[in-house]
Amino acid sequence: MKKSSYLLGLTLATVATLGATPALAKGKLNVLCSTDTDWCSLMETRFEAETGVKVSLIRKSSGESYAQLRAERKNPKIDIWWGGTGDPHLQAAAEKLTQVYKPKALPELNDWAQNQAKVSGYRTVGIYAGALGFGYNADLLKAKGLPAPQCWKDLTKPIYKGEVQVANPNSSGTSYTALATFVQIMGEDQAFEFLSNLHKNINQYTKSGSAPIKAAANGETAIGITFIHDIVKQVKKGYPVKAVAPCEGTGYEVGSMSIVKGARHLKEAKMWAEFALRPDIQTLAAEAKAYQVPSNKSATTPDGAPDFSTLKLIDYNFAKYGSAETRQHLLQRWDAEIKSLPR
Amino acid sequence: MKHSFIPWLILGWIGFLLMPWYLLEDGFWSFIWLTDGYPTDMDYAPAILQGMLAERLWLLPLALPLLLPLRLIPLTKNDPRYSRYLIIAGASGLIYMLVQGFAIGVSGWQFVSLDLLFGELEQQQYGMGYGAVLCGLSFLILLTTGLAASGFLKGDVFVTGSIGLVVTLVGIFVFFPVSQVLFSAFVDNDGSFAPVAFANKLFSDNIWSVSCLSSGYSCGIAWNSLALAISTAFLTTLLGLAFALVVTRTGFRWKKSLRLLTVLPIITPPFVIGLALILLFGRSGVVTQFFADVFNIEPGRWLYGMPGVLFAQVLSFTPISFLVLIGVVEGVSPSMEEASQTLHANRWKTFVNVSLPLMRPGLANAFLLAFIESLADFGNPMVLGGDFEVLSTEIFFAIVGAQNDQGYAAVLAMVLLAFTLSAFFLQRRWLGKKSYTTVTGKAESGAYMGLNDGMKVACYMAALPWAALTVVIYGMIMFGGFVQNWGYDNSFTLQHYTDAFAVGWGDFGVIWEGAAWDSLWTTLSISAIAAPFTALVGLLTAYLLVRQQFKWKDTFEFGTMLSFAIPGTVIGISYILAFNVPPFELTGTGVILIICFVFRNMPVGVRGGIAAMSQLDKSLDEASLTLGANSLMTFRRVILPLLRPAIIAALVYSFVRAITSVSAVIFLVSADHNMATSYIIGLVENGEFGIAIAYCSVLILVMLSVIIGINLAVGQRRLRRTDSISITPTKTSFSAPSLKEKQA
């Protein structure tokens with residue numbers, strides 16, 4: 001698909017140059033994409049087809065993306081950063097790596113998406129949301145004769161010893177969201193007591209946030225804590241995994257989009273921003289097997305995605321728990337009190 | 001031509017007067033500028049027009065050092081002004097270029113003090129382009145020619161120029177970026193100097209804690225890495241020796257196939273071995289489940305953590321030690337063993353007292369290589385590490401993880417660097433200045449001594465199960481691309497291959513529909529471009545090190561070896577920091593990837609070249625020189641042809657290394673230049689194991705065919721002799737990252 005349009009473009013461009021008319025290209029756009037590859041390329045082709053803008057898109061995890069924007073601060077090469085968990089977008093906003101832009105579609109968005117924009121001083125905006133939860137391998141639990149856990153506190157029961165996996169919050173934004181969620185649900189001291197109990201059941205702190213549920217799908221662990229949409233993805237692939245929205249309530253992430261400060265193709269970046277917030281475009285996510293909740297109220301939530309209206313979502317304080325201070329404090333405490341505990 | 005500097009001077013003038021001075025936005029290979037407003041369009045204008053039309057007045061003084069050498073044309077080389085003028089012109093030109101490049105950037109003056117001194121600057125400038133590069137090169141050669149003329153290195157223009165070139169390149173592409181990143185260890189996230197924070201990070205418990213010895217708490221990252229690296233190095237060296245002995249000293253039937261195994265780890269993309277191990281020995285792995293069913297052993301998770309990483313690393317690196325050791329074991333001269341046996345030592349005694357000591361350089365090299373590889377390994381700890389934290393992955397997550405602490409990453413990088421360098425120096429101490437020479441010009445016809453029976457059994461016991469396991473694992477990898485959900489739903493499918501590599505026919509010819517084609521083409525072309533440059537720079541450096549004597553040679557050698565010891569993640573980040581802004585603006589291009597590979601893999605070319613060149617008798621060069629050839633001609637006509645095995649090794653190794661390297665590349669890929677490994681990581685992150693494995697299988701096959709192809713194309717060097725012992729075993733030399741010491 002892409003190659004053919006590229007060839008077509010090349011031929012047309014050659015014809016155009018020969019005819020001494022200005023080139024046909026309608027601008028360029030460099031996109032940094034932090035969602036799954038499928039979704040990235042879907043957005044790329046749709047946008048190119050609709051606007052004629054030549055998109056150069058690279059997929060990197062949100063941590064890598066943020067590191068790149070920081071390193072390129074003096075001379076940015078990226079125009080817009082689309083997708084990826086909200087925290088690094090907020091950090092980038094706080095460091096003024098991204099620029100203020102109020103999309104026209106802002107009023108059409110869900111409150112949590114508008115809130116993300118407000119918190120960042122309109123340097124970023126929410127494009128999708130995903131709730132935290134855990135998934136279990138039904139076959140494995142059955143084989144071991146264990147009941148399915150329903151609440152966060154179930155996970156600390158001794159019967160699940162060595163069966164729970166979660167990422168290391170130092171390396172994974174997903175796991176940091178979980179840490180912040182526990183603190184907000186239980187209060188800080190109780191949360192750390194909960195975590196030290198949980199620690200006894202943890203078999204491994206993974207590096208990547210979605211690794212625990214992949215391990216659960218493959219039967220390497222029984223239970224994995226991660227975002228529900230990642231669990232749904234494994235379910236749809238046919239693995240014997242079940243997703244649980246914990247009974248105490250849960251936190252969530254707001255996947256975001258930011259225009260880079262000093263973008264060389266600002267006009268096209270703004271076009272992309274408006275494009276990405278349109279309900280028909282957000283509805284396409286399901287085609288790319290992405291099961292997050294779209295931020296535009298009129299977009300259709302993909303089949304299988306968690307229904308936010310029935311979830312017990314906490315009032316996640318993004319401003320506080322996204323700030324460098326709180327982050328550093330919680331991570332240091334986790335390192336000191338949890339990580340190196342004996343099991 | 002009367003003076004050898006004239007062509008270089010002309011090049012400088014071309015750079016100044018004709019070529020576009022600044023970097024072209026359309027890319028290095030694009031020639032749109034020729035028809036698109038050149039020379040007056042300021043994007044494409046040469047320096048002289050930039051200076052006169054765009055008021056970039058600071059470029060005009062560059063004409064002075066280009067004018068000065070013109071005065072020398074009527075003079076002879078013996079004139080004292082000759083060398084003096086050239087040195088002045090070259091040095092001042094280079095210095096001026098650097099100063100203006102760093103002082104003025106995309107937003108005018110780069111330093112606040114300059115703003116205060118001269119007032120704000122309206123003009124800006126971008127990265128150096130063709131013109132600037134040519135000018136710089138010209139100044140450099142003028143300088144080195146001048147130095148040669150003043151008696152430097154016996155006045156050898158070629159050698160002085162080569163040293164100057166290598167020093168400049170290594171300076172720009174190794175020292176400059178690495179110093180940037182190490183410097184960031186001393187500053188906090190806001191960029192202000194913070195020595196206390198540095199000390200805290202350097203001595204933190206995270207790195208150095210030893211509490212695992214006394215309690216259930218976990219140990220520091222540094223100790224983890226060190227323990228892992230030493231165990232890996234020890235085991236791989238032992239296993240490698242067993243393999244080498246089986247191949248050279250026994251009548252084992254499938255020796256050729258064993259040799260083939262050596263190629264495997266080098267052409268294996270990262271992650272794959274780890275993934276295959278999970279499917280075999282993970283909790284739901286085939287082997288584990290078998291033991292659970294038959295012997296009722298509770299499936300465990302021992303694979304995740306140090307045992308698993310060690311297992312994977314030994315699996316990956318054993319063939320490398322085998323490769324290093326086989327040459328050495330073959331090289332041990334049978335006549336010495338014969339002598340020992342004639343003096344009534346039995347085979348065991350001979351082996352322990354004669355053969356083994358003679359293998360010392362090889363054992364040390366194998367150990368050192370595995371040690372360094374293990375420290376820098378990123379893929380295996382990533383997949384199998386579990387809670388077991390090592391330096392290489394922690395560096396990565398310190399930068400991209402939730403901590404975003406570049407300073408901490410730099411501190412960890414320093415620790416890692418310290419380990420590698422100490423290993424390097426220890427190895428040199430241990431080898432000392434003893435002579436290990438066994439390959440001499442003297443004719444010898446002895447047969448190798450066989451192993452005694454006990455040792456034979458021991459070697460078989462160690463090597464053969466291991467070889468079988470390797471075969472099983474690679475079988476799994478090839479098979480993994482053809483099943484639905486690897487490890488869970490093992491029904492046959494071609495879906496992964498069609499997703500990645502579908503090809504169709506359209507109105508304009510072939511359409512590469514598969515998702516992987518883009519990154520595959522980029523990877524292949526970039527690796528193919530990088531390989532010859534790596535070989536060239538590497539062998540040139542080796543030539544200088546072996547054949548020339550000059551001051552600071554040890555420092556020079558150390559500098560060229562440094563990049564081998566630096567972990568990929570550090571290289572990646574340092575390249576972004578150093579090369580994102582003028583004067584060397586390279587990010588987002590394919591050139592940065594090429595340069596990264598060239599200087600990262602150069603040490604291998606250097607080592608291979610040194611090893612090969614030490615074996616060539618110096619009298620060959622001398623003969624050539626006596627017959628009136630200069631050193632350039634000698635290098636080209638005498639040394640290079642004799643170095644064919646080393647050239648193949650450097651070419652193949654750098655090509656393959658470029659394809660499989662991952663940690664450095666993650667930060668350097670861009671939308672238009674995406675590499676296969678970084679694409680595969682995305683797939684692995686998303687759990688698309690099927691496509692990832694299919695892609696890896698294709699990469700393995702591509703690399704294998706390239707290795708065979710290059711071997712056939714370059715061929716073997718022709719030495720008119722019939723000795724039974726070849727000087728370097730060409731069969732094995734193509735892939736050896738052989739850190740062979742000079743055997744003298």
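Residues numbered from 1 in each chain as written. Chains lettered and ligands numbered in written order. Predicted model: local features only at pLDDT ≥ 70, side-chain atom pairs only at ≥ 80, totals over all residues. Heavy atoms only, no water.

What follows concerns the overall build of chain A. Broken down by element type, chain A carries 14 helices and 10 strands. For a compact globule of 343 residues, the expected C-alpha radius of gyration is about 20 Å, and chain A comes in at 21 Å, within 12% of that figure. Taking the principal axes of its C-alpha atoms as reference, chain A extends roughly 75 × 40 × 35 Å. Counting only residues that meet the buried cut, chain A has 62% of its 343 residues in that class. Distance from the positive charge centre (42 side chains) to the negative charge centre (32 side chains) of chain A: 5 Å. (Helix = DSSP H or I, 4+ residues; strand = E, 2+ residues; numbered from the N terminus. Rg over C-alpha atoms; globule rule 2.2 N^0.38 Å. Buried < 20%, exposed > 50% of the residue type's maximum accessible area, 1.4 Å probe, protein only. Lys, Arg positive; Asp, Glu negative; His and termini not counted. Charge placed at Lys NZ, Arg CZ, Asp CG, Glu CD.)

Residues and elements named next belong to chain A. For the structure shown, the criterion picks out 2 disulfides over all chains. Two residues, C33 and C40, share a disulfide whose sulfurs are 2.0 Å apart. Its S-S torsion of about -90° marks the bond between C33 and C40 as left-handed, since a negative value means left-handed. Relative accessible area serves as the criterion here: at 0%, C33 is assigned to the buried category. Taken in N- to C-terminal order, the disulfide-linked cysteines of chain A are connected 1-2, 3-4. (Disulfide = S-S within 2.5 Å.)

Residues and elements named next belong to chain A. With domains assigned, chain A is organised as domain 1 (2-129 + 254-305) and domain 2 (132-252 + 323-339). Using only C-alpha atoms to locate each centre, domain 1 and domain 2 end up separated by 30 Å. Counting residues at the interface gives 10 residues for domain 1 and 7 residues for domain 2. For the pair domain 1 and domain 2, the two sides together bury roughly 950 Å², of which 54% comes from carbon and sulfur. The largest contributions to the domain 1 side of the interface with domain 2 come from T85, D87 and Y291, which together make up 41% of the buried area. Counting across the domain 1 and domain 2 interface gives 2 salt bridges. Here K233 ties to D36 by a salt bridge, and the two come within 2.2 Å at their closest N and O atoms. Applying the counting rule to domain 1 against domain 2 returns 4 residue pairs in polar contact (both at pLDDT 80 or more). (Domains from an automatic or database assignment. Contact = heavy atoms within 4.5 Å. Buried area = accessible area lost by both parts, 1.4 Å probe. Salt bridge = Lys/Arg side-chain N within 4 Å of Asp/Glu carboxyl O. Polar contact = N/O pair within 3.5 Å; in protein donor to acceptor, adjacent residues only side chain to side chain.)

With that out of the way, let us pick up a nonpolar patch on the surface. Residues and elements named next belong to chain B. On the surface, I230, F234, L235, L238 and F367 cluster together into a nonpolar patch covering about 440 Å² of accessible area. The element contributing the most residues to the nonpolar patch is helix α10 (residues 221-249), with 4 residues. In this structure, F234 sits in helix α10. (Patch = residues over 30% accessible without salt bridge, like charges linked within 9 Å, V, L, I, M, F, W, Y side chains within 5 Å. Areas by Shrake-Rupley, 256 points an atom, 1.4 Å probe, with all protein chains shown as cover.)

Time to look at the interface of chain A and chain B. Facing 63 residues of chain A, the contacting portion of chain B comprises 59 residues. Notably, a salt bridge pairs E163 of chain A with R283 of chain B, separated by 2.6 Å at the nearest N-O pair. Where chain A touches chain B, the interface holds 22 residue pairs in polar contact (both at pLDDT 80 or more). Going through the elements one at a time, α1 (2-18), α2 (37-51), β2 (54-59), α3 (62-71), α6 (138-144), β6 (202-206) and α14 (324-339) of chain A are the ones with two or more residues in the side of chain A that touches chain B. For the side of chain A that touches chain B, the per-class residue count stands at 17 nonpolar, 22 polar and 24 charged. (Nonpolar A, V, L, I, M, F, W, Y, C, P; charged D, E, K, R; others polar.)

Residues and elements named next belong to chain B. With 13 residues, helix α24 (residues 553-565) should reach 18 Å at 1.5 Å per residue; the first-to-last C-alpha distance of 19 Å fits that figure. The largest bend in α24 is about 25°, located at G559. By the criterion of burial, α24 is predominantly enclosed, with 10 of the 13 residues buried. When α24 is considered as a whole, its buried residues turn out to be K553, F556, E557, G559, T560, M561, L562, S563, F564 and A565. (Expected span 1.5 Å × (residues − 1). Bend = angle between axes of the 7 residues up to and from the residue.)

Residue and element names in this part refer to chain A. Across the 5 residues that make up strand β7 (residues 223-227), a large majority, 5, are buried. Sheet topology note: the strand β5 (residues 164-167)/β7 ladder contains 2 bridges and is parallel. Residue pairing in the sheet places V164 in a bridge with I223 of β7. (Pairing = 2+ DSSP bridges.)

A few words on unusual backbone geometry. If a residue is not glycine, its phi is most likely negative; likewise, a peptide bond is most likely trans. Phi angles above zero are rare outside glycine, and K96 of chain A is one such case at about 55°. Position of K96 of chain A relative to the elements: it lies in the loop between α4 (86-94) and α5 (111-119). Among the residues examined, K96 of chain A registers a relative accessible area of 46% and is labelled partly exposed. Even without glycine at this site, N296 of chain B takes up a positive phi of about 60°. Mapping N296 of chain B onto the fold places it in the loop between α13 (286-295) and α14 (306-331).

Before going further, it helps to examine the pattern of salt bridges. All names here are of chain A. This structure, assessed with the given rule, holds 20 salt bridges over all chains. With its nearest N and O atoms 3.3 Å apart, the salt bridge here joins D87 to R327. Taken together, the residues D87 in helix α4 and R327 in helix α14 connect sequence positions 240 residues apart. Note on accessibility: D87 and R327 belong to one class, buried. Among the ionic pairs, D280 bridges to R278, the shortest N-O distance being 3.1 Å.

Counting 249 residues, the largest nonpolar core has W21, L277, F501, Y575, F579, F667 and Y695 of chain B as its most contacted members. With 87 residues, the next largest nonpolar core counts L29, I228, V254 and A288 of chain A among its residues. (Core = buried A, V, L, I, M, F, W, Y, C linked by side-chain atoms within 4.5 Å.)

Another aspect to go through is the packing of helix α7 (residues 157-183) of chain B against helix α25 (residues 568-579) of chain B. Residues and elements named next belong to chain B. For the pair α7 and α25, the least separation of the axes is 8 Å and the interaxial angle reads 95°. As summarised for this structure, α7 and α25 are arranged roughly perpendicular, according to the angle between their axes. Along its contact with α7, which presents I172, F173, F176, P177, V178, Q180 and V181, the element α25 presents V570, I573, S574, Y575, L577, A578 and F579. (Axes fitted to C-alpha atoms, helices over the stretch in contact; angles between N-to-C directions. Parallel < 35°, antiparallel > 145°, perpendicular 65-115°, else oblique.)

To continue, consider the packing of α25 of chain B against helix α26 (residues 590-614) of chain B. Residue and element names in this part refer to chain B. Here α25 crosses α26 at 135°, and the two axes come no closer than 12 Å. With respect to α26, the element α25 is oriented oblique. Crossing of α25 over α26 shows right-handed handedness. Here α25 contributes G568, I571, Y575 and F579 to the contact with α26, which in turn contributes I592, I595, C596, F599 and R600. (Left-handed = near helix turned anticlockwise from the far one by under 90°.)

All names here are of chain A. The residue E253 is located in strand β9 (residues 252-259) in this model. In this structure E253 is buried but unpaired, with R327 as the nearest side chain of opposite charge at 11 Å. Here the side chain of E253 touches T85 through a polar contact of 2.7 Å, side chain to side chain. Those residues in contact with E253, other than ones at most four positions away along the chain, are T85, Y128, A129, G130, F227 and H229.

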